[in-house]
Amino acid sequence: MARCLTACLMMLAAVLPMRGQVRYDVTHVGPNVNTIGSETGAVLVQDSLLLYTSMQNQETSRLYLIDFSPLLTQVFQAPVSGDGTLGEGTVNMWGLNGGGMNTGNVAYDAKNEILYFTRSQTGSDGVNHIYYSKRNGKRWSKAVKMQGDVNLTEYNSTHPSVGYLPDGKTILYFSSDRPGGMGGMDIWYTILIKEGMPGNCTNLGGPVNTASNEITPFYANEEGCLYFSSDRTGGQGGFDVYSAEGMRNSWQLPHNMGKEINTKYEDLFFTLQPCRCRCQSLEGEGADNGEFVEACGFLSSNRPGSMYETDSNCCHDLYRWRRIRKPEGKETPVQQPPYSRQALDYLPLSLYFHNDEPNPHTLDTTTTLDYGLTWRKYMQMRDEYKGAQSNPIDKRKRDSVQGAVDFFFDYQVKKGYNDLIAFMELLYQDLKQGKKVVITVNGYASPLFESEYNVNLSKRRIHSLRNQLCRWNGSVLLPYLNTGSLKIEPVAYGAPGTDEVAPGDPRRDPRSMKSVYGIEAAMDRRIDIIDYRYF
């Protein structure tokens, strides 16, 4: 399994930067697993066994007599063959299912061989709490309820999902309706100190959580992406699947997965399959035009086509999804999208700066520095940022915050510069073809300084991007800037929402380390390329 996962991650690394057309293919997995009951939450364990949750009337269950409730939720399993075919589903016999208790929503920690899952008493008033079981040789340990404040007596904690931080620590995402959220069910996280022992639970906050319900999180560690379902406005209807790049409580704006994944019904439990189907070439349909399966997994839905007894939309079934990509080089000239559309795939493109950079302590609106120079200097300050977060009194909090620093530098600062290089190449190809392009750039600063200073600082930051465009790749873009075929439309905002930042906020206090080295302040100090259009 380890060799398979390593190979797939290497192949995926080669796949993800590719541009081209993407489509999703969603199919019902069939009656070996699906029943007239409800099947949800499919995850692969050891690449050959599918665990999932099934709610069935006890008259149809092969394990229990009618001893408890008419309906009981249990963990089921089905073998997965070499070609991905699912065998017949049967009740899991590892001791995960508690007699007379609803059990389900399994998450698999492959690194530590631990299963996390939910249990609740039967009946409408049963509160969901999270349990875990660890593999010991060929056996799984007795189910143990998680400690700490993951489980609160009167509130639901459910839908666990496992991720890994850059420092190797395990992070557990889950859904809860506990106090301190933004409304309804929210997604929370905790960093595990050791097996079964969580740290403090933290709400993901916006833009992932809203006043609506956010449930069934699944963190795809290799993509740095959280998939979840929400009934917020603007979707197809019911619960829709969304994706958001980030980690912990630092997230990009969630993206609705679209009509190929979502329906007007309930679409839930979107999970990514670890290895088996990924990077395979298609046979038959799509084989001639170079399409291949980039990623695949499962979701649950009560859309038309799901199995039922009397109500056509009563119950959820498992569906398999595949993300299919046609590489850029395989597209015909007619099908190939214009470069402007490919450039738009990178937007909004965020570029980050250290405090008061470039050219601190001035009211100048221009700079001689280009963004690449400021970026390289900024990347060398990672340890300085981590050192400023140190708090020897609370090691758990220090480790958590320093992990957030690593994530910020690796997945935001570094990623932004790499995306800029790819963006400039697409821009150059567009200009060579005779297109005239205008890009719109927003400038921001943290709220540490006054409004006038921040506006000028934002203008300097936008000017450093102009210098980068002028000097990139032997100044090939400079003639287009000089002739006006390439225009930069700047909008200098200063500090984002300065008027809404309370005077006591540490980002506004020059005595606070958070005003310079805090991640929230660092996120404020950026420019965003937000639009790319022809004129």
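Residues numbered from 1 in each chain as written. Predicted model: local features only at pLDDT ≥ 70, side-chain atom pairs only at ≥ 80, totals over all residues. Heavy atoms only, no water.

Peer 1: Any chance you could break down the environment of glutamate 291 for me, citing the residues and the numbers?
Peer 2: With respect to the helices, strands and loops of the structure, glutamate 291 is situated in the loop between strand S22 (280-281) and strand S23 (292-301). The spatial distance from the C-alpha of glutamate 291 to the C-alpha of arginine 325 is 5.4 Å, given a sequence separation of 34 residues. (Helix = DSSP H or I, 4+ residues; strand = E, 2+ residues; numbered from the N terminus.)

Peer 1: So what about the pairing of strand S12 (residues 170-176)? Which residues, and what values?
Peer 2: In terms of burial, S12 is largely enclosed, as seven of its seven residues are buried. Judged by which residues are buried, S12 turns out to be covered on both faces: Thr170, Leu172, Phe174 and Ser176 on one side and Ile171, Tyr173 and Ser175 on the other are all buried. Bridge count between strand S11 (residues 157-164) and S12: six bridges; the pairing is antiparallel. Each residue of the ladder has a partner; that of valine 162, found in S12, is leucine 172. Where S11 folds back on S12, the antiparallel hairpin that results is connected by five residues, among which glycine 168 adopts a positive phi of roughly 95 degrees. Pairing of S12 with strand S13 (residues 186-194), which is carried by six bridges, proceeds in the antiparallel orientation. Bridge pairing links phenylalanine 174 to tryptophan 188 in S13. (Buried < 20%, exposed > 50% of the residue type's maximum accessible area, 1.4 Å probe, protein only. Pairing = 2+ DSSP bridges.)

Peer 1: Which residues make up the side chain of threonine 374, and what values do they have?
Peer 2: Within the secondary structure, threonine 374 is located in helix H3 (residues 371-379). What threonine 374 contacts, discounting residues up to four positions off in sequence, is Phe353, Pro358 and Leu369. (Contact = heavy atoms within 4.5 Å.)

Peer 1: Requested: an account of the packing of aromatic side chains, with residues and values cited.
Peer 2: Applying the stated criterion to the full structure yields 23 aromatic pairs. Here tyrosine 116 and tyrosine 132 contribute two aromatic rings whose centre-to-centre distance is 6.3 Å and whose plane-to-plane angle is 40 degrees, an arrangement assigned as tilted. Separated by 16 residues along the polypeptide, tyrosine 116 in strand S7 (residues 114-121) and tyrosine 132 in strand S8 (residues 129-136) bring together distant segments of the chain. The pair formed by tyrosine 116 and tyrosine 132 is uniform in burial state, with each residue classed as buried. Here the aromatic rings of tyrosine 173 and tyrosine 219 are separated by 5.3 Å at their centres, their planes lie at 25 degrees, and the arrangement is stacked. Here tyrosine 173 is found in strand S12, whereas its partner tyrosine 219 is found in strand S16 (residues 214-220), with 46 residues between them in sequence. Tyrosine 173 gets classed as buried once you look at its relative accessible area, which sits at 0%. Taken together through their ring pairs, the aromatic side chains of Tyr352, Tyr378, Tyr385, Phe408, Phe409 and Tyr517 make up a single cluster. Between arginine 119 and the ring centre of tyrosine 131, over which it is positioned, the NZ or CZ distance is 5.3 Å. The aromatic ring of tyrosine 444 is capped on one face by arginine 526, whose charged end is 4.3 Å from the ring centroid. (Phe/Tyr/Trp six-rings, centres within 6.5 Å; stacked < 30°, edge-to-face > 60°. Lys NZ or Arg CZ within 6 Å of the ring centre and 35° of its normal.)

Peer 1: Give a description of the side chain of serine 176 that names residues and reports values.
Peer 2: With respect to the helices and strands, serine 176 occurs in strand S12. Looking at serine 176, its side chain comes within polar contact range of the main-chain oxygen of asparagine 156, at 2.7 Å. Engagement of the side chain of serine 176 in a polar contact is seen with the side chain of arginine 178, the distance being 2.9 Å. (Polar contact = N/O pair within 3.5 Å; in protein donor to acceptor, adjacent residues only side chain to side chain.)

Peer 1: Go over unusual backbone geometry, please, and point to the residues and values.
Peer 2: A cis amide bond links glycine 206 to the next residue, proline 207, at an omega of 5 degrees. Tracing the backbone through its elements, the reader meets proline 207 in the loop between strand S15 (202-203) and S16. Glutamate 357 connects to proline 358 through a cis peptide bond whose omega is 0 degrees. For proline 358, the position within the fold is in the loop between strand S25 (349-352) and H3. At phenylalanine 269, a residue that is not glycine, the phi angle is positive and equals roughly 55 degrees. Considering the arrangement of structural elements, one finds phenylalanine 269 in strand S21 (residues 267-272). Unusually for a residue other than glycine, aspartate 356 sits at a positive phi of about 65 degrees. Of note, aspartate 356 is situated in the loop between S25 and H3. Overall, aspartate 356 belongs to the buried group, its relative accessible area being 3%.

Peer 1: Lay out H3 in plain terms, naming residues and giving numbers.
Peer 2: Looking only at H3, the buried set comprises Tyr371, Gly372, Thr374, Trp375, Tyr378 and Met379. With its buried residues spanning 165 degrees around the axis, H3 presents them on a single face. The opening residue of H3, the one whose side-chain oxygen lies 3.0 Å from the backbone nitrogen of glycine 372, is aspartate 370. (Arc of directions from axis to C-beta.)

Peer 1: Mind laying out the nonpolar core, listing which residues take part and the relevant values?
Peer 2: Counting residues in each nonpolar core, the largest one holds 45 residues, and the members touching the most others are Tyr378, Leu420, Phe423 and Ile529. The biggest single contributor to this core is helix H5 (residues 395-432), with twelve residues. In this structure, phenylalanine 423 is in contact with Ala343, Tyr346, Leu347, Leu349, Ile439, Ile529 and Tyr532, ignoring residues within four places of it in sequence. Formed by 16 residues, the second largest nonpolar core is a distinct cluster that contains Leu165, Tyr189, Phe228 and Ala244. (Core = buried A, V, L, I, M, F, W, Y, C linked by side-chain atoms within 4.5 Å.)

Peer 1: Could you give me a rundown of the sheet that holds S25, with the residues and numbers involved?
Peer 2: Pairing within the open sheet is mixed, and its four strands lie in the order S25-S28-S26-S27. Of all the strands in the sheet, the pair left with one neighbour each is S25 and strand S27 (486-492). For this sheet, the mean angle separating the axes of adjacent strands, direction not counted, is 25 degrees. Across seven bridges, the pairing between strand S26 (residues 437-443) and strand S28 (residues 526-534) is antiparallel. The partner of threonine 440 across the bridge, within S28, is aspartate 531. Helix H6 (residues 451-475) contacts S25, S26, S27 and S28 of the sheet and is inclined by roughly 160 degrees relative to S27. (Axes fitted to C-alpha atoms, helices over the stretch in contact; angles between N-to-C directions.)

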